[in-house]
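# A closer look at the structure
Here are the chains, one letter per residue:
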Amino acid sequence: MTEMTYLDAISDGLREEMRRDETVFCLGQDIGAFGGAFKVTDGFAEEFGCDRVLDAPLAENAIIGAATGAAIEGMRPVCEMQFSDFIACGFDQLVNVAAKMHYRQGVAVPMVVRLPSGGGFSGGPFHSQNPEAWFMQSPGLKILAPATANDAKGLLVSAIRDPNPVCFLEHKGLYRHVRDEVPEGEHIVAIGEARVARPGEEMTVIAYGSAVHLALQAATELGEDIEVLDLRTLCPLDTEAILTSARRTGKVLVAHEATQSCGVGAEVAALIAAEAFEDLDAPVRRLTAADVPIPFSPPLEQAVLPQLDDMKEACRELLAY
Amino acid sequence: MTLSETSVRDATRLDDAAQSPHDPSERELPTESGLLTRTDRLALLRYMVTMSQAEERGLALYRQGKITGSFYDGCGQEAISVGAAFTLAPSDRICILHRDLGAHFVRGLSVDRYLGNYMGRAGGVTGGKDGNMHFGDRSLGCVGMVSMLPAMAPVATGIALAFKMRGERRVAMTFFGEGSTANGVWHEAMNFAGVQRLPAVFLLENNGFAYSTPNELEFRVDPVERAATYGFPGLSVDGNDVEAVFTATQGAVARARSGGGPTLIECRTMRMHGHGAHDDMSYVPPEMLAEWRRRDPIDLYEARLRENFGFSGEEVDKVHREVSAEVAAAAEAALSSPMPDAVIARRGAFADRWEPLGDGDAPWSQSGADASPGGRAGR
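Bear in mind the structure is a predicted one, so any value in this text is a computation, not a measurement.

### Considering the overall build of chain A
When its secondary structure is counted, chain A shows 11 helices and 14 strands. A globule of 321 residues ought to have a C-alpha radius of gyration of about 20 Å, and chain A, at 19 Å, matches this closely. With the C-alpha coordinates aligned to their principal axes, the bounding extent of chain A is approximately 60 × 40 × 40 Å.

Put into structure tokens, the structure is as follows:
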């Protein structure tokens, strides 16, 4: 085990997969000699050559589409969107071509789209979004959103080895602020399995990505017996883990940084309402971003994105219900 | 020098026979080229006739209510998909669009599976999961289209990228209409293919209209001229001349296979039916259709086979008779084949494993002499 940052864990997983499997290659903007906007592929061009760390033109449909074609032919492309917001520019290739390919024609598309996402740093409306719900409505995509360095590496490895298009949401706010123990060498975290990040009995916060850390900090500061369930995979959802925790604690707060309406939280809340209604002691609550674009100025951004105080308040309310 | 001159000059270097398609005397291909045998020529005719008759039968079935949804055909464009696909080796790959039924047949698809797909039958290529021309038989190295045009251009580009990365002498081919060239995705694909010098061959079918929108409202400059700005040759050929299409494409395929990069080939043609069977084409001047009807690609080729290559009328008629029997039997087979079991409707969104596409038929007598065998990923 080595302690490393979330960012280094992503690099580590990607590097090891490229060493292990020569069909794995990276495709994205400024990822070659420059090493990527966030330096995830720093040093990759030197080790693997520019043909496997391929700088693409500013053309997201070409990136996603070319990855789709290469994947059909047996390569394992890992695309980098410079910011997850820009997947909008390649959306057609992702949701209409790649996602539907296997259902329509029985043709597997083993590719990963890395999506640096999330706000909290005055990135403004086009560098701060959390687009996971866009993908949730597109059957055929697997969707991952790790919160720890350990999971970032292990899930990225699983994503690369998966025979389907996988959206890999890596929260920019976690890149250099989250650091934990990560196994050296091969490390696999299975897709579709949630993780109890903090066991508890009084209530459950179901979260993923940056909201997991907010929930853990709130639970510690409140000193209450709060369980934190880290979803890790958004599609396919670990419904069993969600229902098990909801049934045990009877009180659930679903928390994410993405906007509220028709988000992952809505899906989780609907699942609990349908399957665990009899076990609930309180209504399922949500803590999310407001349904507005992410504003630029710090006080405005903080007013839109869930903050630690919001998390503590939401937990207190639910515990007191 | 204009861009047009640049691309034509490149095209001339690429293939002398493909230039100046406007003048029939210059368009005449060298019969001694050795590229096409007598059997090849009969095959070209047979595939075009099969496409035409299969579509004619499909249209009748649609009008009889036996095909649900919508119906699209490539009437008048038979020479393009047939002539282009005929150049491929088994291990090449092709993304086929909705005016290109002939390419499916060249790669080995049977007519009943085409009609079955239109009818939503279990035996259709997609087993009922997708309809009309949205199919590609994976076992024949074909990848089917989606409705968004030209969404398959980046995919073909990616297939070509895989071939290049692995150092294989294989080619990716795709088609698109001139309407697609107005879309940004088309530019992204062309640009990327040019930057990476990918082994891709792009067939641009300029059939006059994007649904109802005529060329003059689609672009100011003929899109084939844009090829020069992407750094690869753009040729313009008579899309109703199957051997002109074949010859231009064969040169482009050979060039791609040897590492020379992509080629854009504009095939000038006319969509003789509406965008779909629901479209009465009232926006097309009747005299324009009449003019193009005199240049029907099958009629033109039959005349040429008789007059230039010594085929008898009986040989040509026999092709029609045989295809007619084949299509009739295929329609019967499709009509009597079962509908899919509804249990599959909720299955298959995700793959359990990756498997390679199969190789397609390659009926041309010289196909694949210099191609790599079908690739397998190193895993």
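Okay, back to it.
### Brief notes about the domain arrangement of chain A
Residues and elements named next belong to chain A. Assigned domains within chain A: domain 1 (2–182) and domain 2 (195–320). Of note, the centres of domain 1 and domain 2, computed from C-alpha atoms alone, are 26 Å apart. Taken together, the 26 residues of domain 1 in the interface contact 22 residues of domain 2. Those elements that provide at least two residues to the side of domain 1 that touches domain 2 are helix 5 (132–136), strand 6 (142–144), helix 6 (149–161) and strand 7 (165–171). Of the residues in the side of domain 1 that touches domain 2, the class split is 13 nonpolar, 10 polar and 3 charged.

### Section: the sheet that holds strand 14 (residues 285–289) of chain A
All names here are of chain A. What the 5 strands build is an open sheet, ordered 9-11-10-13-14; its pairing is mixed. Looking at the sheet topology across the chains shown, the edges are occupied by strand 9 (195–198) and strand 14. Taking each pair of neighbouring strands and ignoring which way they run, the sheet shows an average axis angle of 25°. Across 4 bridges, strand 10 (residues 203–207) lies against strand 13 (residues 252–259) in parallel orientation. Considered in strand 13, the bridge of Ile 206 is made with Val 254. Lying over the sheet, helix 7 (residues 210–222) contacts strand 9, strand 10, strand 11 (226–230) and strand 13, oriented at roughly 170° with respect to strand 11. Sitting on the sheet, helix 11 (residues 308–320) is in contact with strand 10, strand 11, strand 13 and strand 14, with an inclination near 170° to strand 14.

### Re the pairing of strand 4 (residues 200–206) of chain B
Residue and element names in this part refer to chain B. Among the 7 residues in strand 4, 7 count as buried, and that is most of the element. Taking every second residue as pointing to the same face, both faces of strand 4 are buried, with Ala 200, Phe 202, Leu 204 and Asn 206 on one and Val 201, Leu 203 and Glu 205 on the other. Bridge analysis of strand 3 (residues 172–177) against strand 4 gives 6 bridges, and the strand direction is parallel. Of the residues in strand 4, the one forming a bridge with Phe 176 is Leu 204. In terms of strand pairing, strand 4 meets strand 8 (residues 263–268) through 6 bridges, oriented parallel. If you follow Glu 205 over to strand 8, its bridge partner there is Cys 267.

### Regarding helix 8 (residues 239–249) of chain A
Residue and element names in this part refer to chain A. By the burial criterion, the buried members of helix 8 are Ile 242, Ser 245, Ala 246 and Thr 249. Looking down the long axis of helix 8, one finds its buried residues gathered within 100° of arc, a one-sided arrangement. Looking at the buried side of helix 8, the elements it contacts are strand 10, strand 11, strand 13 and helix 9 (264–275).

### A word on the interface of chain A and chain B
With 36 residues of chain A at the contact, the number on the chain B side is 42 residues. Elements that contribute at least two residues to the side of chain A that touches chain B include exactly helix 3 (60–72) and helix 4 (91–105) of chain A. With 9 residues, helix 3 of chain A is the largest single contributor of residues to the side of chain A that touches chain B. Of the residues in the side of chain A that touches chain B, the class split is 17 nonpolar, 13 polar and 6 charged.

### Quick word on the confidence of the model for chain B
Residues and elements named next belong to chain B. Of the residues in chain B, 90% have a pLDDT of 70 or more, and the chain-wide mean is 91. Taken together, the stretch residues 1–32 has pLDDT below 50 and engages in 52 contacts with residues farther than four places along the chain or on a different chain. Reported for the predicted complex are a pTM of 0.94 and an ipTM of 0.97.

### Structural notes on the sheet that holds strand 1 (residues 93–96) of chain B
One key point about sheets: their strands pair by backbone hydrogen bonds, in either a parallel or an antiparallel sense. All names here are of chain B. The sheet built from 6 strands is open, its strands ordered 2-1-3-4-8-7 with parallel pairing. Looking at the sheet topology across the chains shown, the edges are occupied by strand 2 (142–144) and strand 7 (234–238). In this sheet, adjacent strand axes meet at a mean angle of 20° when their direction is disregarded.

### Notes on the environment of Arg170(B)
Residues and elements named next belong to chain B. By the secondary structure assignment, Arg 170 is in the loop between helix 7 (152–165) and strand 3. Residue classification places Arg 170 among the buried residues on the basis of 28 C-beta atoms within 10 Å. With 10 residues separating them in the primary sequence, Arg 170 and Ala 160 have C-alpha atoms 7.7 Å apart.

### Things to note about the nonpolar core
Counting 212 residues, the largest nonpolar core has Val113(A), Ala215(A) and Met48(B) as its most contacted members. Per-domain counts for this core show at least three residues from each of domain 1 (2–182) and domain 2 (195–320) of chain A. Residues in contact with Ala215(A), not counting those within four places in the same chain, are Val205(A), Ala207(A), Val228(A), Ala255(A) and Met311(A).

### Section: helix 9 of chain A
An α-helical turn contains 3.6 residues, so any two residues separated by three or four positions project in the same direction. All names here are of chain A. End to end, helix 9 covers 17 Å across 12 residues, agreeing with the expected 16 Å (1.5 Å per residue, within 8%). Along helix 9, the residues classified as buried are Val 264, Gly 265, Val 268, Ala 269 and Ile 272. Viewed along the axis of helix 9, the buried residues span an arc of 130°, placing them on a single side of the element. Counted as exposed and oriented over 90 degrees from the buried face of helix 9: Ala 270 and Ala 274. In the core, the buried residues of helix 9 are packed alongside helix 5, strand 10, strand 12 (233–235), helix 8, strand 13 and strand 14.

### Description of unusual backbone geometry
The phi angle of most residues is negative, glycine excepted, and most peptide bonds adopt the trans form. The omega angle of the peptide bond from Cys235(A) to Pro236(A) is 0°, so this bond is cis rather than trans. Inspection of the secondary structure puts Pro236(A) in the loop between strand 12 and helix 8. Here the residue pair Leu149(B) and Pro150(B) is connected by a cis peptide bond, since its omega of 5° sits within 30 degrees of zero. The residue Pro150(B) is located in the loop between strand 2 and helix 7 in this model. Residue Arg232(A) is not a glycine yet carries a positive backbone phi of 65°.

Parameters at a glance
- Residues numbered from 1 in each chain as written.
- Chains lettered and ligands numbered in written order.
- Predicted model: local features only at pLDDT ≥ 70, side-chain atom pairs only at ≥ 80, totals over all residues.
- Helix = DSSP H or I, 4+ residues; strand = E, 2+ residues; numbered from the N terminus.
- Rg over C-alpha atoms; globule rule 2.2 N^0.38 Å.
- Domains from an automatic or database assignment.
- Contact = placed C-beta atoms within 7 Å.
- Nonpolar A, V, L, I, M, F, W, Y, C, P; charged D, E, K, R; others polar.
- Pairing = 2+ DSSP bridges.
- Axes fitted to C-alpha atoms, helices over the stretch in contact; angles between N-to-C directions.
- Buried ≥ 20, exposed ≤ 12 C-beta atoms within 10 Å, placed from the backbone.
- Arc of directions from axis to C-beta.
- pLDDT = per-residue confidence, 0-100.
- Core = buried A, V, L, I, M, F, W, Y, C linked by C-beta atoms within 7 Å.
- Expected span 1.5 Å × (residues − 1).

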